[in-house]
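Chain residues, written in single-letter form:
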Amino acid sequence: MDGAHGRRIWRYRQKYRAIDGLRENTINAALRRMGYSTKENITGHGFRATARTILDERLGFDRAAIEAQLAHSAKDLNGRAYNRTEFVEQRRTMLQAWANYLDTLRQGNVLPLRAHSG
């Protein structure tokens, strides 16, 4: 990883060029190497969707801060032209809460899933 570059904090280096962030195929290839099927089990985007849902519904974080963390652009009429909020402190707090949440899951603090009886 390179240090700060422009407004981006981290960049990942590819063999031939530096890119911003990781591409979904990079994550999916890693999942396949670990033995997961990205057609049947999980995808990189699935992790993002799961995190988005848990951060909002279970951990109670502001949706705008979550969207900023996921690098989604503002959905207002003018988009990013006038809305340049970065939510730095909220994102720092949110990522620590996410890490704590994952730690509790790793310790076995998981709610069992029950079959839908409908």
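Cut-offs and rules
Residues numbered from 1 in each chain as written. Predicted model: local features only at pLDDT ≥ 70, side-chain atom pairs only at ≥ 80, totals over all residues. Heavy atoms only, no water. Helix = DSSP H or I, 4+ residues; strand = E, 2+ residues; numbered from the N terminus. Expected span 1.5 Å × (residues − 1). Buried < 20%, exposed > 50% of the residue type's maximum accessible area, 1.4 Å probe, protein only. Arc of directions from axis to C-beta. Axes fitted to C-alpha atoms, helices over the stretch in contact; angles between N-to-C directions. Parallel < 35°, antiparallel > 145°, perpendicular 65-115°, else oblique. Contact = heavy atoms within 4.5 Å. Nonpolar A, V, L, I, M, F, W, Y, C, P; charged D, E, K, R; others polar.

(A) Quick peek at the environment of Val-88. Its location among the elements puts Val-88 in helix α4 (residues 88-106). Placed 23 residues apart in sequence, Val-88 and Ala-65 show a C-alpha to C-alpha distance of 8.6 Å.

(B) Structural view of α4. With 19 residues, α4 should cover 27 Å at 1.5 Å per step; its first-to-last C-alpha distance of 27 Å lies within 8% of that length. Regarding α4, the residues found buried are Met-94, Trp-98 and Tyr-101. Looking straight down α4, one finds that the buried residues subtend no more than 65° of arc, so they occupy a single side. Facing away from the buried surface of α4 by more than 90 degrees, the exposed residues are Glu-89 and Arg-106.

(C) Looking closely at unusual backbone geometry. Phi is positive for Phe-87, which is not a glycine, with a value near 55°. As for its placement among the helices and strands, Phe-87 is situated in the loop between α3 (63-69) and α4. Of the residues examined, Phe-87 reaches a relative accessible area of 18% and is grouped as buried.

(D) Fine view of the packing of helix α1 (residues 24-33) against helix α2 (residues 44-57). Across the interface, α1 lies against α2 with an axial gap of 7 Å and an inter-helix angle of 105°. Taken together, the axis directions place α1 and α2 in an arrangement best described as roughly perpendicular. Only Gly-44, His-45 and Phe-47 of α2 make contact with α1, whose side of the interface consists of Glu-24, Ile-27, Asn-28 and Leu-31. Partitioned by chemical class, the residues of the contact of α1 with α2 number three nonpolar, three polar and one charged.

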